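The primary structure of each chain is shown beneath.
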Amino acid sequence: MTSGFIPTLRTGRAHPHPEPLSGATYSAVELMPGDRAVVILDQRKLPSAEKYEILNRPEQVAEAISEMMVRGAPAIGIAAAYGLVLAAATTSKDTGREFSDAMQKAADALRATRPTAVNLGWAIDRMMRLAAEITTVAGPERIARLAAEARSIHREDVAACKKIGELGAEKIRDGATILTHCNAGALATGGFGTALGLVRAAHAAGKKVRVIASETRPLLQGARLTAWELDRDGIPVEVVTDNMIASLFAAHAIDVAIVGADRIAKNGDVANKIGTYGVACLARLHDVPFYVAAPWSTVDLATPSGADIPIEARSEQEVSHIGDVRVMPDNVRARNPAFDVTPARLIDAIFTERGAAEPSSEATLAHLA
Ligand code: MRU
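Residues numbered from 1 in each chain as written. Predicted model: local features only at pLDDT ≥ 70, side-chain atom pairs only at ≥ 80, totals over all residues. Heavy atoms only, no water.

J.: Honestly, the packing of helix H4 (residues 118-133) against helix H5 (residues 139-169) in this entry has me stumped. Any pointers?
T.: Contact geometry of H4 with H5 gives a least axis separation of 10 Å together with a crossing angle of 150 degrees. Between H4 and H5, the interaxial angle falls into the category roughly antiparallel. Crossing of H4 over H5 shows right-handed handedness. Packed against H4, whose contacting residues are Trp 122, Ala 123, Arg 126, Met 127, Leu 130 and Ala 131, the element H5 presents Arg 145, Leu 146, Glu 149, Ala 150, Ser 152, Ile 153 and Glu 156 at the interface. Partitioned by chemical class, the residues of the contact of H4 with H5 number eight nonpolar, one polar and four charged. (Axes fitted to C-alpha atoms, helices over the stretch in contact; angles between N-to-C directions. Helix = DSSP H or I, 4+ residues; strand = E, 2+ residues; numbered from the N terminus. Parallel < 35°, antiparallel > 145°, perpendicular 65-115°, else oblique. Left-handed = near helix turned anticlockwise from the far one by under 90°. Contact = heavy atoms within 4.5 Å. Nonpolar A, V, L, I, M, F, W, Y, C, P; charged D, E, K, R; others polar.)

Below is the structure:
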C-alpha cells in the first residue's frame, strides 16, 4: 500500500501522548496537547512494530483511515473528528465563509474514506453541527471548541465500551471459551473495546475466560490485533484460521460468539467484518449464543435493513497477495467485500451502553431508542 501523504515522524514503542484518553498504554488515535497534531498507531504494522505517526493535516487523517492505519468503526469516527480539528487548525486565519468551505472539504474527504461504518458519518455530522455554529468565532477559540467536542466523542466512546462490557459480561459464564472475529477491541475503539470489552470485563470480574480469535482474512485483524491486545492483557487467546471455525463448533469447543458491528440497521440486521455472517449461521446451527457488542453510535435508524447498508469493496490486491507475494494466477480476478450482513434473526442480543436489544429486532432497538 502506498502512503503518499504520511511522513514517518516518530517511531518506537513509547506513546507520544502524555495521557492517552484510551486509558491504556497504547491507543488507536489521540489528539495531542495543543490541538495541532493527531497521533495514530499504525495498525498495519502490528504486531511486529508498535509505531506511532504524527499527522498535522486532515487529508493525512483521511489517508490513514482509507489505508487502514486506523480501523474499526468507533476508532475511525474518533479519528475523523480529530481530523476536523486539524482542518480548523489549518484554517484558523480564515473568515467565516472560507472556514466553512474548508471544513466542508475536509468533512467530504473524511466521509468518503470508508462507506460501511456509520460511526464515521455520525462523528463528522456531530463536529460539523458545531463548526456551523462557530464560523464567526475567532480562529483559536474555534479550534479549542472543536477539540473539546472531538475529545468528548472519544471519552464517551470509552465510557460506552465500559458499560457495554459490564452489561454483556453478565452473560459470560466462568470458564467460557469465546469466539470472536476480526478485532473489536481497544484498537478498534476509543479504548477498552466492544466485543473485547465484554471479554475484559468478564476477565476483570474473575471469570476464567479464554478467547479463540479467527484470523480474519484478508487483513488478519484477528491474528494480528485481537491476539496482540489480549496477550498484552494476559487474557488467554488462541488463533485459528477462518476455515477451522465450523469444526470447532461441531466439536463443542465454543461456548459463545461475540463480535462488534460497523452498522446496525433499524430492523436489527448487523454489518460487520466479512465472515461474521458465517459465524452467526454456525452458532445458530450448533445452539451457541451469538452476541453483538456496539456503542449506540453504530445504530443507524435511518437505514431500514441490512440490504440498505453500503458494503465497502476494497482492493483486489488484499486478496490476491499475501504480503508482497501474489498467490493467484496473474489473469484471475479477486473479489474483496470488506463486510457482510448478519440478519437480526441470528443475533441473540446486541449489547449497547443503553442496554441490551435481546433478541435483535426493530422492536427491541426501538425500545432503547
Ligand atoms: O475493516 P475493519 O478492520 O475496520 O473492520 C472492523 C470490524 O469489522 C469491527 O468488528 C467493527 O468495526 C467493530 S469495532 C468495535
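J.: I would appreciate a short explanation of the environment of Leu 84 in the present structure.
T.: Within the element layout of this structure, Leu 84 appears in helix H2 (residues 73-90). Classification of Leu 84 as buried rests on a relative accessible area of 0%. Each C-alpha atom, one on Leu 84 and one on Leu 110, is 8.7 Å from the other, the two residues being 26 residues apart in sequence. Setting aside its immediate chain neighbours within four residues, Leu 84 contacts Met 103, Ala 106, Ala 107, Leu 110, Ile 124, Met 127 and Met 128. (Buried < 20%, exposed > 50% of the residue type's maximum accessible area, 1.4 Å probe, protein only.)

J.: How do you make sense of a nonpolar patch on the surface when you look at a structure like this?
T.: The grouping of Ile 322, Val 325 and Val 327 at the surface amounts to a nonpolar patch, some 280 Å² of accessible area in total. Topologically, Val 325 is positioned in strand S13 (residues 325-326). The exposure class assigned to Val 325 is exposed, which follows from its relative accessible area of 54%. (Patch = residues over 30% accessible without salt bridge, like charges linked within 9 Å, V, L, I, M, F, W, Y side chains within 5 Å. Areas by Shrake-Rupley, 256 points an atom, 1.4 Å probe, with all protein chains shown as cover. Salt bridge = Lys/Arg side-chain N within 4 Å of Asp/Glu carboxyl O.)

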